[in-house]
Amino acid sequence: MSRTSARLAAVATAVVLATTGAATSATAEAATPATGSAVVNESNTFLINSLSAGVMVFALPTATGSYDSATGLSAAFPVTGGSANLAAYYGDIQLGGGLLFINLRTGKSAVFKDLAFRVGTWQITGVPQGGTAPVALLDPAGDTSVSGNAAASSLTASDLQVDEEGAKFLDTKLNTTFFAAGQSVGSLNLTFKAGS
């Protein structure tokens, strides 16, 4: 192969690679991720009771927290993925951030990552640090309102309760008797928009 042929081949290869890369980049940019958030409002009643028992709960990044003296603590967990239709009760929604539970009296703690809302079982779950299997933590309850479709849907629940599995796990891990199945934590507002 002559030098000219080699140069032309190299230029042609570079053009093909550049074009392929541009096409791949354009395709990746065209895709949009799922969006939304799960906003958990922890009532002042639960906050006071948990502090009296020496138990504190913190939302971990990428969740964002806020406090209002009238309504209590709030934490917004961003939607990071999933495929779900809340109105038709199927699918899973992955959530960013994590949860940290601390028993100030015993020094014990529990951290949960890989949070998700499992639509089929109607539970917020989390994978405990060092584990692989999700634990059911919270269940939407009370007056609930569900609307939307597979493209975009929302759920509001006037009550958010501790799941039996979560209560047992946390009491054991934190060496406390504070948590109980059906214990009211606050409320939930979940919005989900599917990615494309």
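Residues numbered from 1 in each chain as written. Predicted model: local features only at pLDDT ≥ 70, side-chain atom pairs only at ≥ 80, totals over all residues. Heavy atoms only, no water.

J.: Please set out unusual backbone geometry residue by residue, giving values where relevant.
T.: A cis geometry characterises the amide bond from P61 onward to T62, with omega recorded as 20°. Along the polypeptide, T62 turns up in the loop between β2 (55–60) and β3 (64–68). In this structure, D114 takes a positive phi of about 50° despite not being glycine. Counting through the fold element by element, D114 comes out in strand β7 (residues 109–118). Look at W122: it is not a glycine, yet its phi comes out positive at around 60°. Relative to the helices and strands, W122 resides in the loop between β7 and β8 (123–128). (Helix = DSSP H or I, 4+ residues; strand = E, 2+ residues; numbered from the N terminus.)

J.: Pulling in residues and values, what's your account of the pairing of strand β10 (residues 152–162)?
T.: Here strand β9 (residues 135–148) pairs with β10 via 9 bridges, running antiparallel. In the strand pairing of β10, L138 is matched with V162. Pairing of β10 with strand β11 (residues 184–193), which is carried by 8 bridges, proceeds in the antiparallel orientation. For L155, the partnering residue across the bridge sits in β11 and is L190. (Pairing = 2+ DSSP bridges.)

J.: Could you give an account of the pairing of β11, naming the residues involved and the relevant values?
T.: Bridge count between strand β1 (residues 35–42) and β11: 8 bridges; the pairing is antiparallel. Across the sheet, V40 pairs through a bridge with L188, a residue of β11.

J.: Please provide a residue-by-residue account of helix α2 (residues 44–52), values included.
T.: Taken together, the buried positions of α2 are occupied by N44, F46, L47 and S50. Here the buried residues of α2 occupy an arc of 160° about the axis, which is enough to place them on one side. For α2, the exposed residues set more than 90 degrees away from the buried face come down to T45 and I48. Packed against the buried residues of α2 are β1, β2, β3, β4 (72–85) and β11. A positive phi of about 80° marks G54, the residue just after α2. (Buried < 20%, exposed > 50% of the residue type's maximum accessible area, 1.4 Å probe, protein only. Arc of directions from axis to C-beta. Contact = heavy atoms within 4.5 Å.)

J.: Provide a residue-level description of the side chain of E42, including the pertinent values.
T.: Take E42: it is sitting in strand β1. At 15 Å, R105 is the nearest oppositely charged side chain to E42, a buried residue that forms no salt bridge. Dropping the residues within four chain positions of it, E42 is found in contact with L47, S50, V57, T71, G72, L73 and V185. (Lys, Arg positive; Asp, Glu negative; His and termini not counted. Salt bridge = Lys/Arg side-chain N within 4 Å of Asp/Glu carboxyl O.)

J.: Lay out the nonpolar core in plain terms, naming residues and giving numbers.
T.: In terms of nonpolar packing, the biggest core is built from 39 residues, with F77, I93, F101, F112, F117, F179 and L188 touching the most fellow members. Not counting the four nearest positions on each side in its chain, F179 is found in contact with F46, V55, F101, V162, A167, L170, D171 and L174. (Core = buried A, V, L, I, M, F, W, Y, C linked by side-chain atoms within 4.5 Å.)

J.: Now, about the environment of G166: what can you tell me, with residues and values included?
T.: Along the polypeptide, G166 turns up in helix α3 (residues 164–174). Judged by its relative accessible area of 1%, G166 is buried. Between the C-alpha atoms of G166 and I124, which are 42 residues apart in sequence, the distance is 9.9 Å. Dropping the residues within four chain positions of it, G166 is found in contact with V135, A136 and L137.

J.: Pulling in residues and values, what's your account of the packing of aromatic side chains?
T.: Following the criterion strictly, the structure yields 7 aromatic pairs and no others. When the ring of F101 is compared with that of F179, the centres are 5.9 Å apart and the planes differ by 75°; the resulting orientation is edge-to-face. Linking F101 in strand β6 (residues 98–103) with F179 in the loop between α3 and β11, this pair joins segments that are 78 residues apart in sequence. Looking at F101, the relative accessible area reads 8%, which means it is buried. Here F179 falls in the buried class, since its relative accessible area comes to 5%. (Phe/Tyr/Trp six-rings, centres within 6.5 Å; stacked < 30°, edge-to-face > 60°.)

Shape descriptors only; they carry no functional weight alone.
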